[in-house]
Amino acid sequence: MARLAFVRGRSVGRGRAALAALTVIAAGLGTMPSASALDTPTPVQTGGVWGIDFAGGTLNTVEVAPSGEQFVFARQVSRDGSTVGDPTSMGYAGTYANGAHIKRVPCDAGSCVSMRATGNGHVGRFFVNNGVERAQIWLTANGYHSADEPAVTGGQFVDVTGRYFVYNAASTGKQYIDDVSEYRSTNVRMTRSIGAASVWGAMLWTSGSSAGAVTAFDLEKKKTVETLATGAPCVVKELQTVGRWVYWNCGTSGPAGVYDRTAKKSFTVPSGTALVGDGYLVQHDRSAGKLMLTDFHTGKAVAQREIADLPAGSTADQRRLTWAVDKFGGDIAYVGPDHAIRFVQSGVPAQPLAKIESDLGDGYLDYKNTYGSQYWDSTWQLNKPARWTFTVKDALGRTVRTLTGDSGAEVKVEWDGRTDAGGYSFNGPHTWTLSAKASDGDGTYTTSGKIAISGGRQGHHDQGGYALGELATLNSSGGLTLHYTEGKGTFDWKRSAAGWPAGAVAVPFGDMGSDRCSEMLVRMPNGELRRYAGRCGDSYKPTSSHTSLGTGWNAYNVLTAPGDLTGDGRTDLLARKTSTGDIYLFANDGHSKLKAGVKIRSAWGGYTKIVGAGDLNSDGYGDVLARHKDGTLYRYNGTATGVLKDRVKVFSAWGASYNVVVGVGDITGDGKADLVERDGSGNLYRNNGDGKGSFSNRTKIATGWQGYKGIF
């Protein structure tokens, strides 16, 4: 007998809705039996089954583990039932030392567990402790969603679809509706009087007070969204909803029918206890010892047909005790007298693949979010199993991450924001696309959206932490100002700090450590080069945290950051030596230092402007622009080896009026590096980068900038 370690309600962890944990100390589960040990190619041989349900391709059963204790198991079943995966535990099903236990009901096997498979791999049941029951939805072998469900007696699940569930309680005479808020807090829970109900995604279908009336209530929008006149000659006693099909009956011995929401009409089906699949229903004819199937996928019921032998037994209603139907486009499972589980294909075509409901993450993911989730968590509940691909792309259309799955009728994406290579993605706007294809080949589903990333890799000239470039200026009063953009091609706001000496040269840089904040390099008038620790958007004072990168830097008349030239993802520094015109690369070592300079080009004295411009051609490496004294603007493409490719002409007769040219990064929000220039009259211009190595014609974006002594 196992010892109950602890059972508790909702708590908080990793920014997700919590799972209560149930730890089995002495059950002796050990390693789960393998497929070969249980001879699991169908039929699935077992030592006995004490409860069964089937949803979304997941088969749930209660069986005896090798320890001799009963557990709830889950197996993945292929679309045609020909292959069955290894069983995995979904929690202990026995009695704990203090008497607490999973709720059981009488059955032919003696005492069974009445479970409800959800269609997304979870499974519901009631747990009894100190004489009261609580509904639980188990997500894993050791974790369940309790959400502080009320203590009741006489608890019974009415319906479950994905994360939404409905149950009755005899002790209160109430019906409870709730959801499994695995990632986010929700406000779905509601209570109503007991009556016919079914849930399909976020739609709660209930019977009205008049004959045949049925309504759909949107649990998320909190309003009635559909009303049906089913034609039932009674106040409906039972409802089962599967997409377009709404099954109703007037009690197990009364009339029954299905309302077709597409054709907007109702037709009759055989009376009696039934489980509804997608386009069909199954009944247990105990007098004949048969499972019988009624096909209605064409919009009318055809004659019943036998699908399996199943003896009468002594239990009047054996639904989910000896047989079950997968309503998510699936088939039928049943337990024979030999304790083997067999699968029967319905032979009925399911509805095309469609989304039932979804729970999407926010459109914003901050890697540095200390208190919230650092994952983009989302789920899509589909109407049947599907294979899916989830793809994230950056603003330039480059694939950042690809995730795939094919385990059932739910798509569950937990993206940690990392790239396929395991690194951080660049900050800025990203797009995602989900593409799913039905496992049975009938239908596809595609959707897309946007995610804004921050706290990851910085963009070129990105001092604010969200990919967009910032411009730095120094005025005659010693104010060093960062000019920020909202991504519309202009500079919209600024932050300043005073006290900087005249002649200081600022170089907006990249992260030189591991905090993913861009540093600021400043050459002081005495030739000392300082590394100011990244402020992630705040301004820099001369007294802000900094370290010296050495002296003698006045020997260089150009200091510029082109981006990554060494293939390590870190921004590097280029410097032109005044005496020779030679270009030196000072690589970023990733530990707050620069490596020793390496000469990579000679005699660049003929260039009047040398500009580290970021990645201009979308190859992932930093590029350099150089304006020759004859007015020609050239581009030198960067590589991953610390050298520059041969020059390519960008413009002729360009830039004679400009006294400042800055490769400012992306200030238009399209992910492409732009260029900013100031002319002798103080006008500020922008040239939009095209992502292919060139630029559009200039656009004036500001005036009156002649007062700045330095623009960086």
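The structure this text deals with has already been given above.
Caption draft 1: Summary view of the overall build of the chain. Across its full length, the chain holds one helix and 59 strands. Against the 2.2 N^0.38 benchmark of 27 Å for 712 residues, the chain shows a C-alpha radius of gyration of 34 Å, more extended than a compact globule. Overall size of the chain, expressed as C-alpha extent along the three principal axes, is 105 × 55 × 45 Å. The burial tally for the chain puts 56% of its 712 residues in the buried class. Sequence separation of 24 or more characterises 48% of the internal contacts of the chain that already satisfy a separation of 6 or more.

Caption draft 2: Representation of the side chain of Lys290. Structurally, the position occupied by Lys290 is in strand S29 (residues 290-295). At a separation of 2.4 Å, a polar atom in the side chain of Lys290 contacts the side chain of Asp309. Other than its neighbours up to four places away in sequence, Lys290 contacts Gln283, His284, Asp285, Glu306, Ala308, Asp309 and Leu310.

Caption draft 3: Local environment of the state of the cysteines. Tallied over the full model, the rule gives three disulfides. The disulfide partner of Cys234 is Cys250, and the gap between their sulfur atoms is 1.9 Å. Its S-S torsion of about -90° marks the bond between Cys234 and Cys250 as left-handed, since a negative value means left-handed. With Cys234 in the loop between strand S22 (223-229) and strand S23 (238-242) and Cys250 in the loop between strand S24 (245-249) and strand S25 (256-260), this pair connects stretches of sequence that are 16 residues apart. Accessibility classification places Cys234 together with Cys250 in one group, the buried group. The disulfide partner of Cys517 is Cys536, and the gap between their sulfur atoms is 1.7 Å. Disulfide Cys517-Cys536: the torsion about the S-S bond is -105°, which places it as left-handed.

Caption draft 4: Structural context of the nonpolar core. Core analysis: the biggest nonpolar cluster contains 30 residues, and Trp205, Leu239, Tyr247, Val269 and Phe296 have the highest contact counts within it. Those elements giving two or more residues to this core turn out to be strand S21 (213-218), S23, S24, S25 and strand S26 (265-269). The leading source of residues in this core is S24, at four residues. Apart from residues lying up to four places away in sequence, Leu239 is in contact with Ala196, Ala197, Ser198, Trp205, Thr206, Ser207, Val214, Val246, Tyr247 and Trp248. Counting residues in each nonpolar core, the second largest holds 22 residues, with Phe390, Leu403, Val413 and Trp432 among its members.

Thresholds, definitions, all that
Residues numbered from 1 in each chain as written. Predicted model: local features only at pLDDT ≥ 70, side-chain atom pairs only at ≥ 80, totals over all residues. Heavy atoms only, no water. Helix = DSSP H or I, 4+ residues; strand = E, 2+ residues; numbered from the N terminus. Rg over C-alpha atoms; globule rule 2.2 N^0.38 Å. Buried < 20%, exposed > 50% of the residue type's maximum accessible area, 1.4 Å probe, protein only. Contact = heavy atoms within 4.5 Å. Polar contact = N/O pair within 3.5 Å; in protein donor to acceptor, adjacent residues only side chain to side chain. Disulfide = S-S within 2.5 Å. Core = buried A, V, L, I, M, F, W, Y, C linked by side-chain atoms within 4.5 Å.

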